[in-house]
Structure formats: C-alpha cells, structure tokens
Protein chains: 2
Amino acid sequence: MATISDVVKKSGISKSTVSRVINNHPSVSEEKRRKVLQAMEELAYTPNPTARRMRGTLKSSVGLIIPNVTNPFFSYLIHHIEQRLSEHSIRLIIMQSSESREKELEFLDLLKQKQVDGIILAAVENEMEAILPYLEYGPVMLCNEYVQTGEIPIVRLDQERAAYIGVRHLIEKGYRRIAYCTGGLFAEDGKDKDRNNGLRRAMEEEGLPIRPEWVFVDQHTIADGREVMRRLWQMDDRPDAIFTGSDEVAAGMTLSARELSIRIPEDIAVLGFDDQPLAELTYPQLTTIHQPIDEMGRLAADVMIRLFTEDKPQNMNYELPISIVERQST
Amino acid sequence: MATISDVVKKSGISKSTVSRVINNHPSVSEEKRRKVLQAMEELAYTPNPTARRMRGTLKSSVGLIIPNVTNPFFSYLIHHIEQRLSEHSIRLIIMQSSESREKELEFLDLLKQKQVDGIILAAVENEMEAILPYLEYGPVMLCNEYVQTGEIPIVRLDQERAAYIGVRHLIEKGYRRIAYCTGGLFAEDGKDKDRNNGLRRAMEEEGLPIRPEWVFVDQHTIADGREVMRRLWQMDDRPDAIFTGSDEVAAGMTLSARELSIRIPEDIAVLGFDDQPLAELTYPQLTTIHQPIDEMGRLAADVMIRLFTEDKPQNMNYELPISIVERQST
DNA sequence: TTGTACGCGTTATCAA
DNA sequence: TTGATAACGCGTACAA
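Residues numbered from 1 in each chain as written. Chains lettered and ligands numbered in written order. Predicted model: local features only at pLDDT ≥ 70, side-chain atom pairs only at ≥ 80, totals over all residues. Heavy atoms only, no water.

### Notes on the packing of aromatic side chains
Right, so step 1: Overall, the coordinates contain eleven aromatic pairs over all chains when judged by the stated rule.
Right, so step 2: One aromatic cluster in this structure is built from Tyr180, Phe186, Phe243 and Phe273 of chain A.
Right, so step 3: Sitting above the plane of the Phe273 of chain A ring, Arg195 of chain A keeps its charged end 3.5 Å from the centroid.
Right, so step 4: Residue placement shows Arg238 of chain B over the ring face of Trp233 of chain B; its charged tip is 4.2 Å from the ring centre. (Phe/Tyr/Trp six-rings, centres within 6.5 Å; stacked < 30°, edge-to-face > 60°. Lys NZ or Arg CZ within 6 Å of the ring centre and 35° of its normal.)

### Considering the domain arrangement of chain A
All names here are of chain A.
Right, so step 1: Here chain A is described as being made up of domain 1 (4-47), domain 2 (58-157 + 295-321) and domain 3 (159-290).
Right, so step 2: On a C-alpha basis, the centroid separation for the pair domain 2 and domain 3 is 29 Å.
Right, so step 3: Taken together, the contacts link ten residues of domain 2 with eight residues of domain 3.
Right, so step 4: The interface formed by domain 2 and domain 3 includes one salt bridge.
Right, so step 5: Across the pair Asp194 and Arg156 runs a salt bridge, and its minimum N-O distance is 3.2 Å.
Right, so step 6: Between the two partners, domain 2 and domain 3, sit two residue pairs in polar contact (both at pLDDT 80 or more).
Right, so step 7: If you list the elements that add at least two residues to the side of domain 2 that touches domain 3, you get α5 (72-87) and β5 (154-157).
Right, so step 8: A total of three residues in the side of domain 2 that touches domain 3 trace back to one element, the largest contributor, which is α5. (Domains from an automatic or database assignment. Contact = heavy atoms within 4.5 Å. Salt bridge = Lys/Arg side-chain N within 4 Å of Asp/Glu carboxyl O. Polar contact = N/O pair within 3.5 Å; in protein donor to acceptor, adjacent residues only side chain to side chain. Helix = DSSP H or I, 4+ residues; strand = E, 2+ residues; numbered from the N terminus.)

### What to know about unusual backbone geometry
Residue and element names in this part refer to chain A.
Right, so step 1: With an omega dihedral of 5°, the bond running from Ile264 to Pro265 counts as a cis peptide bond.
Right, so step 2: Tracing the chain through its elements places Pro265 in the loop between α11 (247-259) and β9 (269-271).
Right, so step 3: The omega torsion across Tyr283 and Pro284 is 0°, close enough to zero to call that bond cis.
Right, so step 4: Look at Asp274: it is not a glycine, yet its phi comes out positive at around 120°.
Right, so step 5: On the secondary structure map, Asp274 appears in the loop between β9 and β10 (288-290).
Right, so step 6: By relative accessible area, Asp274 is classed as buried at 8%. (Buried < 20%, exposed > 50% of the residue type's maximum accessible area, 1.4 Å probe, protein only.)

### Looking at the interface of chain A and chain B
Right, so step 1: On the side of chain B, 43 residues touch chain A, which itself brings 43 residues to the contact.
Right, so step 2: Buried area between chain A and chain B, summed over both chains or domains, comes out near 4,000 Å², and the portion from carbon and sulfur atoms is 61%.
Right, so step 3: Three residues, Thr50, Arg91 and Leu281 of chain A, lead the burial of chain A against chain B; their summed loss comes to 16% of the area buried on that side.
Right, so step 4: Across the chain A-chain B interface, the total number found is zero salt bridges.
Right, so step 5: At the boundary of chain A and chain B, one finds eleven residue pairs in polar contact (both at pLDDT 80 or more).
Right, so step 6: Among the elements of the structure, α4 (49-55), α5, β2 (91-96), α6 (101-112), α10 (222-233) and α11 of chain A are those that each provide at least two residues to the side of chain A that touches chain B.
Right, so step 7: Looking at which element gives the most residues to the side of chain A that touches chain B, the answer is α5 of chain A, with seven residues.
Right, so step 8: Counted by class, the side of chain A that touches chain B contains 19 nonpolar, 15 polar and nine charged residues.
Right, so step 9: Where β2 of chain A and strand β2 (residues 91-96) of chain B come together, three bridges link them in antiparallel fashion. (Buried area = accessible area lost by both parts, 1.4 Å probe. Nonpolar A, V, L, I, M, F, W, Y, C, P; charged D, E, K, R; others polar. Pairing = 2+ DSSP bridges.)

Next comes the structure, spelled out in structure tokens:
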C-alpha cells in the first residue's frame with residue numbers, strides 16, 4: 001500500500017500540501033492540487049485509516065449491542081442499520097451481550113479504547129448510572145430501549161400505544177377474558193413497562209380486570225409459548241384470548257394448540273407482536289403488532305451519524321408509529 | 001485513558017522496559033516488573049489498540065461477508081462465529097454484499113487497508129482470479145462456499161451428500177415423480193452444483209428421469225415458493241414430490257398449498273433444506289435437511305484464528321456431515 | 001500559499 | 001537487564 005510519503009516523492013510536493021489536498025483544504029494552488037491528485041491516482045493511494053484514527057480524526061465504525069443475532073427482530077434491525085451506515089462507509093460491529101451485564105460493559109469499553117466510534121444500545125442490562133460515564137468517550141444512543149435520562153438520544157417505537165391498540169383490537173372482537181404474556185416483567189418500572197401500561201389503560205377503560213394467574217412474565221422462545229399454552233389448558237377457569245410479547249411465543253402457542261386440539265381463535269385467540277416473517281407461516285396465521293423495524297434502523301443510523309458531528313443533538317427522543325396486522329388468530 | 005507514558009512517569013521506569021512488561025518479555029527483573037504492574041494497575045492502563053495496530057502487531061477483527069443478515073441461515077452463522085471469536089477478544093464485522101460483485105470487492109479492500117485482519121467469505125460472487133490477489137494482504141477463507149483453489153482454506157458442509165440423502169429419502173418413501181427447486185442454477189458448474197450432482201446421482205441410481213419442466217432455478221424466498229406451487233398446479237402432468245433448496249421456499253409452498261386446498265404430503269410431498277426454526281412452524285411441519293451451522297461457525301472461527309499465526313494451514317478442506325430430519329411434509 | 005517539525009501510542013533495534 | 005531512539009502514517013501548529 002502506498003503512503004503519503006510515496007505521494008510526496010512522486011509529486012515532489014511537501015507532505016503538508018499533499019495532506020491538504022487529501023482533506024480538501026481550500027488554500028492550495030490549482031497547479032499543485034492537480035499534480036498531487038495525479039500522483040495519488042497513479043499510486044492508487046488511499047489514506048491509512050489506522051493512522052487517521054490515531055490522529056483522532058476519522059469515524060469509521062459503530063458498535064451495535066444486541067441480546068442475540070438469531071432473534072429475527074434484531075437481525076432485521078442489523079440489516080437496516082448496516083445498510084444505512086454502509087452508505088456512509090461506516091462499518092457495523094456486532095456485539096451479542098447475551099443479556100449479560102459484564103459483556104455489555106466490556107463492549108462499552110471498546111468506545112473508551114477508541115475501537116469503535118459510537119455505540120447503539122439495542123439492549124440494556126445495566127443501570128443507567130453505569131452507562132452514563134461512557135458518554136465522555138463518544139456518542140452512545142438507545143434504540144428500541146427506553147430509559148429517559150435527558151443525556152442519551154433515544155430512537156424507539158411507541159410501545160405503550162402498541163399494547164393499547166392490541167388490547168383494543170381484542171376487546172372490539174368481543175374477547176373480554178384477556179391473558180397477558182410478556183418478555184419482560186409485570187412491574188411498575190421494569191422491562192416492558194410501557195407495554196404493561198398500555199395494557200392497563202385499555203383494560204381499565206373497559207373495566208376489565210387483569211387476573212394475576214393469567215399473567216406470564218419472562219417468556220421469549222417458541223418453547224416458552226408451547227409451555228404457556230399447556231399451563232393455560234390445565235386451568236379450570238380459562239381466558240378467551242392471550243396477548244403475547246412476541247410472534248415466537250405466539251407461534252409456540254399455535255404448536256401446542258395443535259397438539260392439544262385447541263382451536264385458534266375459536267377456543268382462544270392469540271395476538272402476536274413484531275410481525276416477523278414467521279407470523280404468516282403458522283397455522284393459523286398470526287394477527288400481530290407490526291413494528292417498523294426498517295424505519296427504526298435507518299433512523300438510528302442517521303442519528304448516530306449526526307452525533308459524530310454535532311455536540312448536542314437537537315432532538316433527544318424519536319418515536320415511531322406502530323400498527324396492527326389482522327390475520328387469522330384473533 | 002492512561003498511556004504508556006503515564007506508566008513511565010508513575011513508575012519511574014523507562015518506556016522500553018514498561019513495554020516489555022506489557023508484552024511479557026522474559027528479560028525484566030522481578031523488582032521492576034512488580035513496580036510497573038503496580039503503576040499499570042493504579043492507572044487502570046490498557047494498551048491502545050489503534051497504536052498497536054499501526055505498529056503492525058495486533059489482530060483484533062474479522063470481516064464476514066454474507067449475502068444478507070435477515071436470512072436465518074446466515075444470522076445463525078453469524079451467531080456461532082461471533083461467539084467463538086469473542087472468546088478470543090476478536091470483533092466480527094458484518095458485511096452484507098447483497099450479492100453484488102462490487103460490494104464484495106469493496107469489502108475485500110478493507111483487508112488491504114488493514115481495517116480488518118482477516119476475511120471469512122460466506123458468499124462469493126466474483127471469480128477466484130479476482131479474489132486470490134487479496135491473499136497477499138491477509139488471511140481469506142471460504143465458509144459454506146466451495147471453490148477449490150488449493151490456496152484458500154474451506155470450511156463447508158457436504159452438499160452433494162445432503163442432496164443425495166434427501167432424494168434417497170423421497171424415493172424410499174415411494175415418491176418417484178420428483179421435482180427440484182434450487183436457489184442456484186441447474187448447470188454443471190454453477191452455484192449449488194454439488195447439490196445438483198447429489199440429486200443426479202440418486203435419481204440415476206434408480207433410473208428416474210429429471211424432467212426439465214420440473215426444475216426451478218434461482219428460487220429463494222417465501223414468495224418464490226408460493227409461486228412455484230401455483231405453477232406446479234397449473235400443469236397437466238404433476239410431480240408427487242418436490243425437493244426444495246431452502247425451508248423458506250418450502251414454507252411458501254405450504255402457504256399456497258393451503259390456499260389451493262392441496263394436501264401435503266398426500267397430493268405432493270415437500271422436502272425442505274436447512275432445518276431452520278420455521279421448519280416446525282409450518283403446517284404441516286417440514287421434513288428437511290439439517291445443516292450443523294453451529295459447528296460450521298465455530299470451526300470457521302477456529303480456522304481463521306489459526307490462520308493468524310500459521311503461515312500455511314495443514315488442512316485446507318474441512319467438511320462437516322449433514323443429516324435429515326423427518327417431520328410431516330414427506 | 002507553502003513547508004518544517006512535532007506528536008499521536010506503540011514496539012523494535014541497538015548500544016550500553 | 002536496561003534505556004535512548006527511531007519508526008509506523010497521518011495531520012497540524014507554526015513559521016516563512
């Protein structure tokens with residue numbers, strides 16, 4: 001690989017002037033600029049990114065912290081973020097935290113070491129107090145996670161409204177004995193609290209109770225969904241609909257329903273979440289909440305790129321709309 | 001961040017000796033080593049990876065070129081490669097080539113610029129002549145792709161045998177009018193040629209013909225599968241089984257089969273490929289070819305790590321076994 | 001407008 | 001065993 005010194009030799013022009021040409025500085029005479037450009041051309045010269053990085057100029061990589069790539073929600077998120085970043089010649093580094101606090105901090109440390117120039121957090125396990133100090137070393141933002149601090153920009157979907165819309169849909173379809181299954185906790189201030197609040201609001205509006213025995217927390221996988229449906233069917237007093245936290249859990253329910261000869265939606269309606277491709281592969285196909293992952297991914301990339309140049313972003317809170325896709329399971 | 005100079009000041013020991021301690025050089029007295037280590041500890045010193053990289057030592061990132069992250073096959077591959085690499089503190093950089101030759105070369109260029117220290121190609125669009133020159137700049141290997149050159153290490157699954165096993169399964173189940181649907185081409189030397197050969201071998205052994213009107217090429221998505229089933233049903237002379245190139249295509253077939261009231265496997269058997277999670281979500285669940293993506297990913301990572309230290313790998317060709325998972329669609 | 005000299009944080013060479 | 005010094009490739013005060 002040719003270096004700047006090679007260009008100097010070939011063109012007979014000083015290093016600083018060559019550097020100016022490379023970086024489009026205004027004060028260079030046309031003649032010298034031409035000569036330098038020609039030398040660069042002939043040598044197929046490209047500035048060494050590592051050297052630039054050491055000088056402190058150059059932003060070329062963004063780290064994305066997610067729980068797991070194999071979750072389609074996140075693989076789509078990766079896709080859209082990567083597409084947009086690559087338009088700006090910025091590389092995306094995948095970091096699977098596997099929901100471990102230690103790994104999360106380990107990855108944030110890469111920002112400190114200037115291994116990445118910014119970090120998009122699409123998973124947050126640590127308290128904000130542990131994360132805020134990293135802001136000193138470079139831009140950090142939240143994507144699909146919501147912890148209001150006033151310091152960290154957030155790009156997210158309106159989960160409260162999403163849950164509200166979902167429950168409204170069930171109610172309008174005539175279901176009133178509604179069970180709830182979430183990937184988070186059913187606490188005032190835990191994970192997925194926004195969805196919980198949306199559920200509560202819709203239920204309260206109709207004067208419907210949320211029955212504790214019909215609430216399932218920390219459910220994520222197809223296997224989890226299978227199990228929940230089985231437990232539901234052992235109850236004497238059963239719900240007539242269940243609102244799940246993900247299409248995968250809902251898909252698991254369709255499986256055990258088939259095994260147990262339970263009819264969906266006649267015996268129980270199942271409402272998914274995410275609108276993943278598999279939502280139309282199950283039998284019956286899932287009614288589900290559509291999340292605009294594509295928009296969210298692109299927006300997150302845009303915000304990060306802006307963060308590279310701006311000091312304080314003008315807008316700290318980006319919220320994207322959510323809609324329901326009606327299929328056959330409700 | 002503390003630098004080596006800070007350690008020098010704090011410990012009162014020269015830069016070279018400090019560097020020796022950092023890199024575990026033998027010739028350092030116990031006393032000085034202790035002092036240096038203590039200073040490092042107190043300053044929470046970590047060597048700057050960028051500086052190390054510029055010096056030419058340090059391997060810390062591997063690029064993975066894939067067609068698309070959203071394809072579950074590749075998201076699983078990413079998962080397993082990333083897991084193994086992260087055990088060695090090596091970062092994985094995702095590169096979606098979107099099947100573009102230009103993008104592929106653009107990514108390979110990152111090796112030349114020392115932006116990544118090695119490249120795993122899980123997609124190959126360019127001719128090998130275009131790729132071989134990059135070997136000069138660092139390790140390049142193939143994963144799940146097969147182009148024998150003698151220069152580039154290959155980790156892959158035995159696709160010829162996989163296709164052979166699949167067709168054997170259909171034949172043993174009594175199907176004899178077998179259609180074929182591939183993501184590649186049906187040519188002697190094109191993409192997926194190994195699978196084609198496996199198919200041919202199994203068919204010829206039984207004296208069964210491969211009918212051109214029952215061969216579908218370049219089929220990838222759920223939508224593609226839907227369409228193929230529709231076309232099949234417009235034929236006067238129909239097959240009684242179809243061997244597809246991916247579970248997604250097979251899943252698409254189950255969808256249009258339902259729409260057209262075609263029974264699987266009674267009217268037509270459908271054999272998938274990949275054993276993706278969705279294979280047990282379709283109705284009926286798919287019989288499919290299981291590919292050990294986990295082993296392949298880990299092995300690819302191991303081979304790449306070895307490539308960092310060895311000049312010539314002892315083994316250039318790693319081949320992993322494949323098996324069939326029988327469910328309800330055949 | 002142009003060029004010289006220095007620094008970014010390491011590691012390697014060489015002489016002591 | 002130790003330490004002074006050069007070098008990796010680039011950008012930028014500063015002086016001219």
